[in-house]
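Overview (structure and organization)
Chain by chain, the residues:
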Amino acid sequence: RALGLARLVASSRRGSLTSAASYATSAPPTPPSDDATVPPLACEWIEPPGDQSTTGAGAGAAPVALVLHGLMGSGRNWRTFARALSARLAAGGTPWRFALVDHVWHGRTFGDRTHREWRNPRVETLVPNGACAVDLAATAVGDFAAHVRATQPGQKVAAVIGHSLGGKIALRHLAKLGDASALPSHPTQWWSLDSVPSAVAHPDDDPHGVQRVIDAVRNHLPRTFAAREELGAALAASSRDGTRRSFPPDLVDWLGTNLAPVDPTAPASSPLTWQFDPDGAAALYDAYKRDDGALRVALDPPTGVSGDGSSPTGVVHEVHVVRAERSTRWPRETVDALTARASTPGSRLRYHALANAGHWLHVDNPGGLRDVLAPEMARLHASLT
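Throughout what follows, the structure given in this document is the object of discussion. The residue count restarts for each chain, going from 1 along the sequence in the order it is written. The predicted nature of this model means local features are confined to residues of pLDDT at least 70 and side-chain atom pairs, given and counted, to a pLDDT of 80 or more, with totals for whole chains, interfaces and linings taken over all residues. The basis for every side-chain value is the complete set of heavy atoms in the structure, and neither hydrogens nor water enter the calculation.

**A word on the pattern of salt bridges**
Counted only if it meets this: The working definition used for a salt bridge is a side-chain nitrogen of Lys or Arg within 4 Å of a carboxyl oxygen of Asp or Glu. Strands are runs of DSSP state E lasting at least 2 residues, helices are runs of H or I lasting at least 4, and numbering of each runs from the N terminus. Burial status follows relative accessibility: with a 1.4 Å probe on protein chains alone, a residue under 20% of its type maximum counts as buried, one over 50% as exposed, and anything between as partly exposed.
Here the structure, examined in full by the defined rule, presents 14 salt bridges. Of the charged contacts, one joins aspartate 279 and arginine 218 as a salt bridge, the two residues approaching to 2.9 Å between their closest N and O atoms. Taken together, the residues span a long stretch of sequence, with aspartate 279 in helix H10 (residues 278–289) and arginine 218 in helix H7 (residues 210–219) at a distance of 61 residues. The exposure class of aspartate 279 is partly exposed, given its relative accessible area of 30%. Taken together, the shared-partner salt bridges connect Glu318, Arg350, Glu376 and Arg379 into one network.

**As for the packing of aromatic side chains**
Heads up, the condition is: The criterion for an aromatic pair is that two Phe, Tyr or Trp rings (for Trp, the six-membered ring) have centres within 6.5 Å, with stacked assigned to planes under 30 degrees apart, edge-to-face to planes over 60 apart and tilted to the rest. Only when the NZ atom of a Lys or the CZ atom of an Arg is both within 6 Å of the ring centre and within 35 degrees of the ring normal do we say a charge sits over the ring.
The final tally for this structure, using the stated rule, is 4 aromatic pairs. Relative to phenylalanine 81, the ring of tryptophan 78 lies with its centre 5.6 Å away and its plane at 85°, an arrangement referred to as edge-to-face. Classification of tryptophan 78 as buried rests on a relative accessible area of 3%. Relative to tyrosine 288, the ring of tyrosine 285 has its centre 6.3 Å away and its plane inclined at 15°; by these criteria the two rings are stacked. Linking tyrosine 285 with tyrosine 288, this pair stays in helix H10, spanning 3 residues, or about one helical turn. A connected cluster of aromatic rings, assembled from ring pairs, spans Phe225, Trp274 and Phe276. The ring of phenylalanine 110 is capped by arginine 116, whose NZ or CZ atom sits 4.0 Å from the centre of that ring. Positioned over the ring face of tyrosine 288 is lysine 168, at 4.9 Å from the centre of the ring.

**Focus: the nonpolar core**
Quick note on the threshold: What makes a nonpolar core is a set of buried Ala, Val, Leu, Ile, Met, Phe, Trp, Tyr and Cys residues whose side-chain atoms join them at distances within 4.5 Å. Whether two residues are in contact is decided by their heavy atoms: any pair within 4.5 Å suffices.
By size, the foremost hydrophobic cluster in this structure holds 70 residues, and its most contacted members are Leu66, Leu71, Leu231 and Trp274. For this core, the leading source of residues is helix H5 (residues 133–151), giving 9 residues. Apart from the residues within four sequence positions on either side, leucine 66 is in contact with Ala99, Val141, Phe144, Ala145, Val157, Ala159, Val160 and Ile161. Judged by nonpolar contacts, the second largest core, of 28 residues, contains Phe81, Ala357, Ala374 and Leu380.

Set out below in structure tokens:
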């Protein structure tokens, strides 16, 4: 087992973490309209509820947590959970602001035609230029954080919470900040929710059917539908591939939530289309499956250094990995590596196992997940004031 863990960590260290001296953390891209108020990624804000004036910590002083959704999802998938977590934190006198962002090629970042071209990289340029889709997504998250700081002076982006694909994007963003010696001067937390930080053992395998869904959407389903009810029939027809494997009803229902009117001004009469780019989703999933060094970052998060890079600052940047106990995605050796490092004195890694939850842990056990997040975020809030 020791040899297996050593091989796992060594493999992770060979990941494609690019030296990022030019990583954008202070100058987000400007949209073609020169309107600096338009963020690089579409976003929905969840503000602290009520009045926190009695605690001396109003919404304007509340730190920001970025919430990063998973593949073929959008920020609104986390709206209900984020509102409940926000209410709990505010009630305890430690309010947070939550930014539910839509990744490149996803949600309104892709669906808003006014800003689609400058917000979303062209997928066909990825392979010729050797670009990694997860790396591009992480750069976009960094640009969004820079936009928040530029347009809201004094605002601290102090936590990043990523689920599934979003967890790997969060860790890549952290790695790029560390490589560029551009970590924030204040403490931060980086949450990876049921996102396995190591590579998929056999990238061409498809144990959870994700690749099959992507292939169906890209190659067999129409790009527009008259109604959501048509999606089930189209998926059923696409499953007649000789295996007779049908798509589960809950997956069909979830995919249906990613359909939106082609013409938002006439939602009742407009046909529906995907709120993500199928080619972009395919590129992200391919990058997600490959080893990108995320395990190295989780086991040994980067530390802040002084302005001249000569000495550590002592500012703590923590990684929190949450594994859903019913999730079937986790290799034993990866879990062993994480638990061993988390139990080491002085480790900046925290490992949490969430009971009664599968991969969709914020749906299966939202209260339990809030019980994990809330006290840690409250502790971080106290260290920022």
